[in-house]
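Inside the fold
Given next are the chains, with one letter for each unit.
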Amino acid sequence: MQFRDLKKQYQVLKPKIDEAVEKVMTNCNFINGQEVTELEAKLANYVGVKHCITCANGTDALSLAMMAWDIKEGDAIFVPDFTFFSSAEIVALSGATPVFVDVEETTFNIDPAKLEQEIIKIKKKDNLTLKAVIAVDLFGLPAKFKEVKEVCDKYNLLLLEDGAQGFGGNINGKKACSFGDISTTSFFPAKPLGCYGDGGAVFTDNDQWAGLLKSYKVHGKGHNKYDNIRIGRNSRLDTIQAAILDIKLDIFEDKELKAVNEVAKLYSENLSNIKDLQTPIVEEGYYSGWAQYTILLKDKETRNKLQEALKEENIPSMIYYQKPMHMQEVFRDNECDNKDLQVSAALCNKVLSLPMHPYLSKEDVLTVCKIIKKTLV
Ligand SMILES: *Cc1c(COP(=O)(O)O)cnc(C)c1O
């Protein structure tokens, strides 16, 4: 059993993907081919925003947003404590200070009430300029954007949606990657919509920021890349990756998104009412793209025991994430009070992500559930 079965997906899509890749090879338009422009239009339309700007990966997508907003030293950016490293890394890389905010135990996403508490604290200290909030759609579930946006508006902060795991999710029909003033995603192979290498995209309705993002991703270009009006970087999506994503987006929309939701439903039905085990909670109105299916165990000992039992039966599982941001060595000297980040710290001891992908068979799901029950009951 695979944790995320990319080989199976390729077998299903092989004729179409091979043809699309061969076309790019034949044309030799490896950079800035028309496939890239076409994909950007298709992605913007799918997500429901005006502009999509593709780039080299999901981390660059976040960095480009920092650049478009001129985030720099002395700025405070609020980031969930429980997330992948990139969400905070790009803040520090810009010279600004990441301020870690605890998450909800139920949704794993940034806690809007605690966000406001942290904002008030930093405001009182008066040593940083409050600039933006990064909300992450962790494990595929959109963050609580209505509540987060209210806090952002109250304190005049920009909102950045890190939708690297969120692509395909929605809240009452409004799609992930449309909730931020700027939103980003990643096409890393194991993400909900993955390409065959690195890739990423930035989304916004704002014309001025879209212009800046297009410039920053190509050496701060003006009229063209030999006319340089700001310091940028080189961050493009390869034409081959765009051609692959064009095909993958169709099947993602038609089949895969439904398929992962079926898998999640089957897991949750079979894992309900097990002592010491909590299945993921998707609140009313929310739809997850299931980047991960993550269960919560009673404590570290139970979690590790279960992971060991699964491993003995050749079933892969992962611990996302082992450490909260505030405990990462590099962020040791952070602004935060550890006692305010206890949910994130506790989650790291209790989470376990199970095999999850659109091609996971019913039998495989039931096998995983059976081993879990046998181990815990
Ligand atoms: C994967 C991921 C990223 C970074 O994406 P890359 O394409 O790997 O650079 C950023 N944020 C989150 C939450 C992620 O899961």
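This text gives an overview of the structure that appears in the document. (Residues numbered from 1 in each chain as written. Predicted model: local features only at pLDDT ≥ 70, side-chain atom pairs only at ≥ 80, totals over all residues. Heavy atoms only, no water.)

1. With respect to the overall build of the chain
For clarity, the threshold we go by: Numbering of helices and strands starts at the N terminus; helices are DSSP runs of H or I of at least 4 residues and strands are runs of E of at least 2. All radius of gyration figures rest on C-alpha atoms, and the globule criterion is 2.2 Å times the number of residues raised to 0.38. Between buried and exposed lies partly exposed: a residue is buried under 20% and exposed over 50% of the maximum accessible area for its type, with that area taken using a 1.4 Å probe on protein chains only. Residue contacts are counted whenever heavy atoms from the two residues lie within 4.5 Å of one another. Areas reported here follow the Shrake-Rupley algorithm with a probe of radius 1.4 Å; residue values treat only the protein chains shown as occluding. Here the positive residues are Lys and Arg and the negative ones are Asp and Glu; neither His nor the chain ends is included. To locate a charge, take atom NZ for lysine, CZ for arginine, CG for aspartate or CD for glutamate.
Helix and strand counts for the chain stand at 11 helices and 13 strands. Its C-alpha atoms give the chain a radius of gyration of 21 Å, near enough to 21 Å, the size a compact globule of 377 residues would have. Counting only C-alpha atoms, the chain reaches 65 × 60 × 35 Å along its principal axes. Relative to its full complement of 377 residues, the chain shows a buried share of 56%. Looking at the chain alone, contacts between residues at least 24 apart form 70% of all its contacts between residues at least 6 apart. Approximately 16800 Å² of the chain is accessible, and the part contributed by carbon and sulfur atoms is 49%. Once the 47 positive and 54 negative side-chain charges of the chain are each reduced to a mean point, those two points are 2 Å apart.

2. Side note on the site of the ligand
Applicable threshold: Any residue with at least one heavy atom within 4 Å of a molecule or strand is counted as near it. N or O atoms within 3.5 Å of each other form a polar contact, as long as, within protein, one can give a hydrogen and the other can take it, and as long as residues adjacent in sequence are counted only when both atoms are side-chain atoms. Under the convention adopted here, Pro, Cys and the residues Ala, Val, Leu, Ile, Met, Phe, Trp and Tyr are nonpolar, Asp, Glu, Lys and Arg are charged, and Gly plus all remaining residues are polar.
Of all residues adjacent to the ligand, which total 13 residues, the nearest are Gly58, Thr59, Gln165, Ser186 and Lys191. In this structure, a nitrogen atom belonging to the ligand sits 2.8 Å away from a side-chain N or O atom of Asp162. Within the side chain of Ser186, one N or O atom sits 2.7 Å away from an oxygen atom of the ligand. Starting from 380 Å² of accessible surface for the ligand in isolation, the protein chains cover 92%. Among the secondary structure elements, those contributing two or more residues to the shell around the ligand are helix H3 (58–68) and helix H4 (86–93). Looking at the shell around the ligand, its residues break down into 3 nonpolar, 8 polar and 2 charged.

3. Things to note about the packing of helix H5 (residues 112–125) against helix H6 (residues 145–154)
Going by this rule: An axis is simply a line fitted to the C-alpha atoms; with a helix, the fit covers only the stretch in contact. Between two such axes, the angle follows the N-to-C directions and lies from 0 to 180 degrees. Each angle receives one of four descriptions, namely roughly parallel if under 35 degrees, roughly antiparallel if over 145, roughly perpendicular if within 65 to 115, and oblique otherwise. Handedness of a crossing follows from how the near helix is turned relative to the far one, being left-handed for an anticlockwise turn of less than a right angle and right-handed for a clockwise one.
At a minimum axis distance of 9 Å, the contact between H5 and H6 shows a crossing angle of 20°. The angle between H5 and H6 falls in the class roughly parallel. Seen along the crossing, H5 lies across H6 with a hand that is right-handed. Only Glu147, Val148, Val151 and Lys154 of H6 make contact with H5, whose side of the interface consists of Pro112, Leu115, Glu116 and Ile119. Here the contact of H5 with H6 is composed, by residue class, of 5 nonpolar, no polar and 3 charged.

4. Observations regarding the packing of H3 against H4
The geometry of H3 relative to H4 is characterised by a closest axis approach of 9 Å and an angle of 40° between their N-to-C directions. The pairing of H3 with H4 is recorded here as oblique in orientation. Where H3 crosses over H4, the two elements pack in a sense that is right-handed. Between H3 and H4, the contacting residues are Thr59, Leu62, Ser63 and Met66 on the first element and Ser86, Ser87, Glu89, Ile90, Val91 and Leu93 on the second. In terms of residue class, the contact of H3 with H4 is made up of 5 nonpolar, 4 polar and 1 charged.

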